[in-house]
Amino acid sequence: MIREVTREETTIIRREFNKWGIFNYLNDKVFALKECKNSVKSIFIIPLILKKLIFNPYSCYGGLQIGTFQKKKFIPSITFFDIVAKYSNNFLYIIVDCNGEKLILYGRDIFGNSILYASENIEENSIILILNKSKELLGIGRARFHTTKIKENGKVTITTLLDIGTYLRSENHQK
Amino acid sequence: MCTLVYVIVLEIFRLFFLFDHANHIISKIIKVLVNCKTSNHIIFIKIKIFTLLSLKLMSCIILPKSDYSQELATKYNFKEWMIARYLTIVPNTEKFLDYINNKVVNQYIRINTLKIDIDTLKQKLLEKDFKLEKTLLAEVFLIKEAKYPIGATMEYLSGYYYIQDLSSCLAVESLDIEEDDLVLDMASSPGGKTSFMAQKMNNKGMILALESESKRLRKMMFNLSRCGVVNTVLWNMKGENIGNYDFKFDKVLLDAPCSCDGIMQKDPLRKTTYSKESIKFCSIRQSQLIESALNVVKPGGLLVYSTCSLAPEENEFIINSIIDKFDITIESIDYGGVDSLIKFGGKVMDKSIKFTKRFYPHIHNTAGFFVAKIRVNNIEK
């Protein structure tokens, strides 16, 4: 069952959009929330025009799924960060080489020697976007070190949290 | 009183429906029902009986066997009744059977222009040593050579392309979709055609996608999300029930669930699982689906009906069965294929059926496919 989001939920999601510099993306769009069996709530962002179709007992998906609500906390999805990568300038990122790109698609963490570029202000535990040489989003990671040490040879310097291959791997695992 | 009569009459016919009466008797009853003049409140009952009897007429046509069909059945390890049918349905039957036995599978990709432009992706894939060949459609390419599995590249995962047969793309192309249309996809999973429609609409307008099987939803959601589709809402509902809602659509795509013998080269197991019962079962469902679809198309709107089956019972017969019941025009399709059958197993169909198209694996390098483009002039006669 998909329902409209409450005022409180809206505020929490909007705050996340604001934090990542994509508040303007919300123009002419509304949020919808799907209550799942495991008490996880999926959040969708949909164009206003789809409102008459989404709030229906049979409805199970619409627009873009931008994340989930777990214990009153909004957890953004890879789709959310895809919007960030496209529409914002306000994010920390690293650029990895071809070897790093392949490893990320297998869900592996990133070695310092695969990193070609890193934003200047990365701190330990910063959430960063992982991009390839063409600045396309590959995944999301958590920095283990400050910018100055992030390219260190032979050490895992970024823990991969989410990547664009996550879904396919989970499908193969289920089979 | 009226309801009671309705229930009794329906129950009598349901019982009748269970027995295996001769089809010609049923045909005669249908003719009588069509011609008799009745008052308005009986018309509803008449339509219900008509539908039940029409369904009874659906069956798999068995053609006479011959020495040649027996020879081919032994040579290619097919059931003989299938070969006897293919000899009538498929041109160059032996070449077709060779093609299936050799498991020749052409892989096509559709470039998702919602996320990337055609030239940029072509360049990226060329850099990865992919060899691509142009097709009838500008955004669809045949993969001639690929060094990596095409479903595991960064470009695939980013939604830059979708692995989709050319014939499926032609079904969407036939819908003549415009940006602001309200579109219905009646059997949508895994979402290839839905995402192509969204691409054609530039993520504007609205698409309502229906999928009745819950287990297929997850993949559909992944594909829509991967391809950046924004203008679509997915309902977990049977297509037959769409008439319960007060929606009328500009365009409807019914890629009907079918017996799938058109994709036997991809899945050789279908050679053994394919049965007369599956043809009958599918044709009954398809008949119900197409009637539901026609009831929700706006006057002047379009319905595209397609299957990946080669059985006339699931294709030409279905279209023929709606010609008399609805005010529709069968329009021609301009994207290749061969004219469909206008007679099969002694049954002669309406001349306009020839405007529908068939695609054969060994002739068109696609899956075996059937497409019909149906313009709705007015709803039920």
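### What about helix α6 (residues 93–101) of chain B?
Residue and element names in this part refer to chain B.
Consideration 1: When α6 is considered as a whole, its buried residues turn out to be Phe-96, Leu-97 and Ile-100. Looking down the long axis of α6, one finds its buried residues gathered within 95 degrees of arc, a one-sided arrangement.
Consideration 2: Turning to α6, the residues buried within the fold contact α4 (67–76), α5 (80–89) and α15 (361–364).
Consideration 3: Within two residues after α6, Lys-103 carries a phi angle of roughly 50 degrees, on the positive side.

### Quick word on the domain arrangement of chain A
Residues and elements named next belong to chain A.
Consideration 1: Assigned domains within chain A: domain 1 (2–86) and domain 2 (92–171).
Consideration 2: Computed over C-alpha atoms, the centres of domain 1 and domain 2 are 26 Å apart.
Consideration 3: Each partner contributes residues to the interface: domain 1 has 5 residues there, and domain 2 has 7 residues.
Consideration 4: Across the side of domain 1 that touches domain 2, the residue classes tally to 4 nonpolar, no polar and 1 charged.

### Quick word on unusual backbone geometry
Consideration 1: With an omega dihedral of 10 degrees, the bond running from B:Ser189 to B:Pro190 counts as a cis peptide bond.
Consideration 2: With respect to the secondary-structure elements, B:Pro190 resides in the loop between β5 (182–185) and α10 (192–200).
Consideration 3: Positive phi, normally seen in glycine, also occurs at A:Asp28, with a value near 60 degrees.
Consideration 4: With respect to the helices and strands, A:Asp28 occurs in the loop between α1 (7–19) and β2 (29–35).
Consideration 5: Phi at B:Asn203 is positive, roughly 65 degrees, even though this residue is not glycine.

### Digging into the pairing of strand β1 (residues 108–111) of chain B
Residues and elements named next belong to chain B.
Consideration 1: Side-chain alternation along β1 places Tyr-108 and Arg-110 on one buried face and Ile-109 and Ile-111 on a second face that is also buried.
Consideration 2: Both β1 and strand β4 (residues 161–163) contribute to a ladder of 3 bridges, which runs antiparallel. Within β4, the residue paired with Ile-109 across the bridge is Ile-163.

### Comments concerning the interface of chain B and chain A
Consideration 1: At the junction of the two partners, chain B supplies 17 residues and chain A supplies 24 residues.
Consideration 2: Split by residue class, the side of chain B that touches chain A holds 12 nonpolar, 5 polar and no charged.

### Some remarks on the sheet that holds β2(A)
All names here are of chain A.
Consideration 1: Read from one edge of the open sheet, 5 strands run β1-β2-β3-β5-β6, paired in antiparallel fashion. Two strands close off the open sheet at either side, each with one partner strand: β1 (2–4) and β6 (73–76). Neighbouring strand axes in the sheet, compared pairwise and without regard to direction, differ in orientation by 35 degrees on average.
Consideration 2: Here 3 bridges tie β1 to β2, and the two strands are oriented antiparallel to one another. Paired with Arg-3 across the strands is Leu-33, a residue of β2.
Consideration 3: Contacts between α1 and the sheet are confined to β2, β3 (41–47), β5 (64–70) and β6, with β6 contributing the most and set at about 40 degrees to the helix.

### Focus on the packing of helix α13 (residues 276–295) of chain B against helix α14 (residues 316–323) of chain B
Residues and elements named next belong to chain B.
Consideration 1: In contact at an axis separation of 10 Å, α13 and α14 are set at 45 degrees when each is read in the N-to-C sense. Taken together, the axis directions place α13 and α14 in an arrangement best described as oblique. Considering the relative orientation of α13 and α14, their crossing is right-handed. Touching Ser-283, Gln-286, Ser-287, Ile-290, Glu-291 and Leu-294 of α13 are Phe-317, Ile-318, Ser-321 and Ile-322, all from α14.
Consideration 2: Of the residues assigned to the contact of α13 with α14, the class counts are 5 nonpolar, 4 polar and 1 charged.

### Here we look at the nonpolar core
Consideration 1: Counting 143 residues, the largest nonpolar core has A:Ile130, B:Val252, B:Leu254, B:Ala293 and B:Leu303 as the members making the most contacts within it.
Consideration 2: For B:Leu303, the residues in contact, after removing those within four places along its chain, are B:Val252, B:Leu254, B:Ala293, B:Leu294, B:Val297, B:Ile374 and B:Val376.

Conventions we followed
Residues numbered from 1 in each chain as written. Chains lettered and ligands numbered in written order. Predicted model: local features only at pLDDT ≥ 70, side-chain atom pairs only at ≥ 80, totals over all residues. Buried ≥ 20, exposed ≤ 12 C-beta atoms within 10 Å, placed from the backbone. Helix = DSSP H or I, 4+ residues; strand = E, 2+ residues; numbered from the N terminus. Arc of directions from axis to C-beta. Contact = placed C-beta atoms within 7 Å. Domains from an automatic or database assignment. Nonpolar A, V, L, I, M, F, W, Y, C, P; charged D, E, K, R; others polar. Pairing = 2+ DSSP bridges. Axes fitted to C-alpha atoms, helices over the stretch in contact; angles between N-to-C directions. Parallel < 35°, antiparallel > 145°, perpendicular 65-115°, else oblique. Left-handed = near helix turned anticlockwise from the far one by under 90°. Core = buried A, V, L, I, M, F, W, Y, C linked by C-beta atoms within 7 Å.

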